[in-house]
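Residue-level structural notes
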Amino acid sequence: MIHSLRGFRDLLAPDSTLFTRIEAAAREVFALYGYQEIRIPTIEPHELFVKSTGDTTDIVEKEMYAFTDQGGRHVAVRPEGTPGVVRAYIERNLSQTGKNGKYYYIGNMFRAERPQAGRYREFEQIGAEQIGNPSPFADAETVAMLVKILEKAGVQGCSAEINSLGCADCRGKYRGILSGYLKTHADALCEPCRKRIDQNPLRALDCKIDGPRLAGEAPALELCPACADHFDRTQELLKLSGVDFRVNKNLVRGLDYYTRTVFEVKAGQLGSQDAVAGGGRYDDLVKSMGGPDAPAIGWALGVDRVALLIKDSAGADTSPQIFVISASGDARAAAFKLLGDLRAAGLSADFSNFELSLKSQLRSADRSGAAVALILGGDEIKNSSCAVKPLKEKARQRTVPMADLIPEIRKLL
Ligand code: AMP
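1. So, the pairing of strand E6 (residues 122-131)
Of all 10 residues in E6, nine are buried, a share of seventy percent or more. Pairing of strand E5 (residues 102-110) with E6 involves nine bridges; the strand directions are antiparallel. Its bridge partner lying in E6, Gly107 is registered against Gln125. Bridging between E6 and strand E11 (residues 296-302) involves seven bridges; their strand directions are antiparallel. Along E11, the bridge assignment pairs Gln125 with Gly302.

Here's what the structure looks like:
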């Protein structure tokens, strides 16, 4: 027997149904906000992620599935969607289309992280990118849209956190101040944070070990007047949109390209892997990748985690409504025909094997989760009728004329 790889899983119903439901909710909301779907490749040049996600991030440094292909090209399996969308935006000259620059994607991402509950090596993300709009209206709209998608998918009890990382100037100054502080307090830091001092000091702020203490003790980021204004206006517009959020000064996110607004949605019910979605503004990325000066903002939502949150809600049942049984050899063809008629009427119907005994078919009917079993035997064929047996309650079986069958069943469902 061959086993699946660690961190990779098969999704079966009802989980697969939940995934489909979440995707459908997202597509519906995206359409309301003027977003178009983009399908990007799963494998991209390795350097795309090094240059965009950042070579000092955990994702690129430790978690990327990267290899040299048969043609000697250094390639990587995408760990996130934003770099691919940005590459497509530049390569396809999308800034020249006159369109609104709003794209969404739904796809699997791959990161060689240590697997645990809610953290897999292959997982699905739904992501949105809005490229070309520098104003706080874009920030507020995208966060509000994310919250709407989560609501529509049936998620309850999530909290949104936002912060501003400032522009390259604010951040540049702050990096120096923070790394100076961290250097003088290096003894108190965990091993990974000590390594971050020179490479990526901001990451120390969202370290699970050192972050909470640094929040109170380390110098805080000072925003320049333009960034402070952008952050204030974003918050006002979020309030206007009815989004429930709080400012978390420690929120820095793991990727290099963020500027100004960053945000995360969390759900306490998920335990240690509590991030449901996250994103932020990336005003300099498109230009730094060789494209036009196009400020942008985006986020990604973890579908696997949303599925965990709505697991217990109704609607994930994929049981057929009706189970058809043939009680005798001469009724098999009519039973098979009946299946087709039911489906044509929009009722989901299933069967096991008409050649098995009545007892065995009834057992399958019980296991199927269907609400009603329809039984056809010699008598029913002779009288143009059908036996209707409710499976979920103790109501008695009764015989219904074939002509009335579908309306009668609808009353039972
Ligand atoms: P990120 O791209 O790291 O900002 O992640 C965005 C969202 O994707 C997170 O909030 C999670 O919901 C989800 N996510 C990230 N990594 C994983 C993973 N390894 N397994 C499952 N979901 C993940």
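There's plenty left to go through after this.
2. Digging into the pattern of salt bridges
Oppositely charged side chains are able to pair whenever their charged atoms sit close together. Under the defined criterion, the tally for this structure stands at 27 salt bridges. Salt-bridge contacts for Glu47 lead to Lys51; the nearest nitrogen and oxygen are separated by 3.4 Å. Within this pair, Glu47 and its partner Lys51 are both found in helix H2 (residues 46-54), separated by four residues, close to a single helical turn. The exposure class assigned to Lys51 is exposed, which follows from its relative accessible area of 55%. Here the salt bridges do not stand alone but share partners, grouping Glu161, Arg246, Arg253, Glu264 and Lys266 into one network.

3. Quick word on the pairing of strand E10 (residues 275-281)
Looking along a regular strand, one sees side chains alternate from face to face of the sheet. Counting buried positions along E10 yields six of seven residues, so the element is predominantly enclosed. By the bridge criterion, six bridges tie strand E9 (residues 259-266) to E10 in an arrangement that is antiparallel. Looking at the pairing, Thr259 lines up with Arg281 of E10. Pairing geometry for E10 and E11, over five bridges, is antiparallel. Across the sheet, the residue bridging to Gly280 is Gly298, located in E11.

4. Brief notes about the sheet that holds strand E15 (residues 385-390)
If you trace the five strands from one edge of the open sheet to the other, you get E13-E12-E14-E15-E16, paired in mixed fashion. The outermost strands of the open sheet, each flanked by one partner alone, are strand E13 (349-350) and strand E16 (398-401). Inspection of the sheet shows strand E14 (residues 372-376) paired to E15 by four bridges, in the antiparallel sense. Residue pairing for E15: Ala373 is matched across the bridge by Lys389. The sheet strands contacting helix H15 (residues 405-412) are strand E12 (322-326), E14, E15 and E16, and the helix crosses E16 at an angle near 135°.

The rules behind each value
Residues numbered from 1 in each chain as written. Predicted model: local features only at pLDDT ≥ 70, side-chain atom pairs only at ≥ 80, totals over all residues. Heavy atoms only, no water. Buried < 20%, exposed > 50% of the residue type's maximum accessible area, 1.4 Å probe, protein only. Helix = DSSP H or I, 4+ residues; strand = E, 2+ residues; numbered from the N terminus. Pairing = 2+ DSSP bridges. Salt bridge = Lys/Arg side-chain N within 4 Å of Asp/Glu carboxyl O. Contact = heavy atoms within 4.5 Å. Axes fitted to C-alpha atoms, helices over the stretch in contact; angles between N-to-C directions.

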